[in-house]
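Letter by letter, the chains look like this.
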Amino acid sequence: MTDELFLSQTDSRPMYLQVVEQIKLKIMAGDWPNGYALPSIRELAAATKVSVITIKRAYSELEQAGLIVTRPGRGSLVAEGIGQGALRHQELNHHIAQLLEAADKFGIDNHTLQQQLAEALKQRQTPPASE
Amino acid sequence: MQNVIQLTDINKHYGHFTLENINLTLPAGEIMGLVGVNGAGKSTTIRILMGLIEADSGTVDVLGHRLPDAQVTAKRQVGFASEDMRLYKYQNLTWHMDFVQGFYPEWDADYAQMLLQKFRLNPTQAIKGFSHGQRVKASLLLLLARRPRLLILDEPTTGLDPVARSEVLEELADILRDENRSVLFSSHNTHDVEQLSDSITFLHDGRILASEDIECFVNKWRSVRCTGHASPTALAELKPAHLRQNGSVWQLKIDNFQPSMLEAIKAQGLEVVEVMRMSLEEIFIATVKKDTRHEH
């Protein structure tokens, strides 16, 4: 099966970030396990119908984040020891940081934020089973 | 890496239009989008590249060959298509394919067959019965099956319906698989350019406003929304490409954006609500409008 990513033109994020997000999803879902050889940059660009430079940029971001390793002349692999759990935590932390940022912007103090979060958790009807 | 296109200090003067100091470099294996409004000089630039027009001054190198002297050698490996290209309307596509194949021994018959299927073209129907989209796809098929090292396409997606456009873009993307092949295409559809191009050359009024890596180009711009009360003249000192105010809400579109500019905005008494990246389309419009404003 050829690897192909699904991008959206109405997504306001830069294209390379969409690529980064989708690759993270694939790693989290276990589609691309540890040590998995990523498609070559040209291959993925052609399959996804985006420029080579977009995929290059995404790979270098993923490399900086420690999610993939690139060996000169031999392509990129999903890094060993990138647990799916660790990645999920990392993602969640990212969302929490955004939440805090938004709270600051709207001038909401910690106490109110905690109350609102508690309320939201209460209203959520079916919490997913813990792992 | 070899440059497949190298335009150096090109000038071309017409009565009402001047192409001024055009410098353009396309490295092998890359896709470059040439953007600009109608009349910006895109087609003139492409015609100079193809040796159809001679520049008043400057040099043109295509695939390492100097034009116009080595034109014939260079063009064997170039596939060129423009809107005014005509097919023989009383002949069908099979006839055209045989015709082109006769000139180009590198013709790839299997690839041509695959493109026929992909583009959903009927090879036995006379061209006069083809729609505009079918004609564009037929011309592209005739070019692609030669597997030229350099494709130069003038407005390949103009006038196509969304489905035909996506079919054409898919085939252009497929060329990326081969690192020895390169594409230069002009378009005023910024989405097409944004999606596929490694680099962008932005022409306006016969001059190049920018020619660089597309990500770098887009990343220089920000749209900043602020609230509060400030003096428009003080804000104009930041030299925004675009500055608008409605009540207490302000919008600035800034080229060569630096985070320190936000401090300068705050110093004017405004609160920064949002700092957003801009799409190529927004940048395109902001740039062209800014330029027009300065002239009049």
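About the thresholds
- Residues numbered from 1 in each chain as written.
- Chains lettered and ligands numbered in written order.
- Predicted model: local features only at pLDDT ≥ 70, side-chain atom pairs only at ≥ 80, totals over all residues.
- Helix = DSSP H or I, 4+ residues; strand = E, 2+ residues; numbered from the N terminus.
- Contact = placed C-beta atoms within 7 Å.
- Axes fitted to C-alpha atoms, helices over the stretch in contact; angles between N-to-C directions.
- Parallel < 35°, antiparallel > 145°, perpendicular 65-115°, else oblique.
- Nonpolar A, V, L, I, M, F, W, Y, C, P; charged D, E, K, R; others polar.
- Pairing = 2+ DSSP bridges.
- Domains from an automatic or database assignment.
- pLDDT = per-residue confidence, 0-100.
- Core = buried A, V, L, I, M, F, W, Y, C linked by C-beta atoms within 7 Å.
- Buried ≥ 20, exposed ≤ 12 C-beta atoms within 10 Å, placed from the backbone.

What follows covers the overall build of chain B. Secondary structure summary: chain B contains 11 helices and 14 strands in total. For the C-alpha atoms alone, the extent of chain B along its principal axes is close to 70 × 40 × 40 Å. Within chain B, contacts between residues at least 6 apart in sequence are counted, and of these 70% link residues at least 24 apart.

Now for unusual backbone geometry. Residues and elements named next belong to chain B. Cis peptide bonds are those with omega within 30 degrees of zero, and the linkage from leucine 67 to proline 68 qualifies with 0°. Along the polypeptide, proline 68 turns up in the loop between β5 (65-67) and α2 (71-76). Even without being glycine, asparagine 21 reaches a positive phi, approximately 50°. Secondary-structure assignment places asparagine 21 in strand β2 (residues 18-27).

All names here are of chain B. At a minimum axis separation of 10 Å, helix α5 (residues 132-144) and helix α6 (residues 162-175) run at an interaxial angle of 10°. When the axes of α5 and α6 are compared, the pair comes out roughly parallel. Along its contact with α5, which presents Gly133, Lys137, Leu140 and Leu144, the element α6 presents Ala164, Glu167, Val168 and Glu171. In terms of residue class, the contact of α5 with α6 is built from 4 nonpolar, 1 polar and 3 charged.

All names here are of chain B. Bridging between strand β9 (residues 199-204) and strand β10 (residues 207-213) involves 6 bridges; their strand directions are antiparallel. Among the inter-strand pairings, phenylalanine 202 is bridged to a residue of β10, identified as alanine 210. Count of turn residues in the β9/β10 antiparallel hairpin: 2 residues, of which aspartate 205 carries a positive phi of about 55°.

Moving on to the domain arrangement of chain A. The assigned domain composition of chain A is domain 1 (15-78) and domain 2 (84-123). For domain 1 of chain A versus domain 2 of chain A, the separation of C-alpha centres amounts to 29 Å.

All right, on to the domain arrangement of chain B then. Examined at the domain level, chain B breaks down into domain 1 (3-217) and domain 2 (222-276). For domain 1 of chain B and domain 2 of chain B, the distance between their C-alpha centres works out to 40 Å.

Below, the discussion takes up the confidence of the model for chain A. Here chain A shows a mean pLDDT of 85. Residues at 70 or above account for 92%. Summarising per-element confidence for chain A, the mean pLDDT is lowest in helix α4 (residues 84-105) of chain A (82) and highest in helix α3 (residues 52-64) of chain A (92).

In sheet architecture, strand pairing relies on hydrogen bonds along the backbone and comes in two forms, parallel and antiparallel. All names here are of chain B. The sheet built from 4 strands is open, its strands ordered β12-β13-β11-β14 with antiparallel pairing. Only two strands of the sheet have a single partner each, and these edge strands are β12 (242-246) and β14 (270-276). Adjacent strand axes in the sheet meet at a mean angle of 20°, parallel and antiparallel pairs treated alike.

Moving on, we come to the interface of chain B and chain A. Taken together, the contacts link 17 residues of chain B with 13 residues of chain A. Looking at the side of chain B that touches chain A, the elements with two or more residues in it are α6, α7 (190-196) and α8 (214-219) of chain B. Among the elements that line the side of chain B that touches chain A, the one with the most residues is α6 of chain B, at 4 residues. Split by residue class, the side of chain B that touches chain A holds 6 nonpolar, 3 polar and 8 charged.

Our next topic: the pairing of strand β1 (residues 3-13) of chain B. All names here are of chain B. The pairing of β1 with β2 spans 7 bridges and is classified as antiparallel. Bridge pairing in β2 links isoleucine 10 to isoleucine 22. Linking β1 back to β2 in an antiparallel pair, the connection comprises 4 residues. In this sheet, strand β4 (residues 57-62) lies alongside β1 in antiparallel orientation, the contact comprising 5 bridges. From the neighbouring strand, asparagine 11 faces β4, where its bridge partner is serine 57.

This brings us to the sheet that holds β4 of chain B. All names here are of chain B. Taken together, 4 strands build an open sheet; the order of strands is β2-β1-β4-β5 and the sheet is antiparallel. Sheet topology places β2 and β5 at the edges, where each strand pairs with a single neighbour. When the angles between neighbouring strand axes are averaged without regard to direction, this sheet yields 20°. Lying on the sheet, helix α1 (residues 42-49) is in contact with β1, β2 and β4; it crosses β1 at an angle near 120°.

This paragraph deals with the nonpolar core. Ile55 of chain A together with Leu141 and Ile152 of chain B are the most contacted members of the largest nonpolar core, which has 92 residues in total. In this structure, isoleucine 152 of chain B is in contact with Ile46, Leu49, Met50, Val78, Phe80 and Leu184 of chain B, ignoring residues within four places of it in sequence.

On to the environment of valine 52 of chain A. For valine 52 of chain A, the position within the fold is in helix α3. Those residues within four positions of valine 52 of chain A in sequence are excluded, and the remaining contacts are Ile41, Arg42 and Ala45 of chain A together with Leu176 and Asp198 of chain B.

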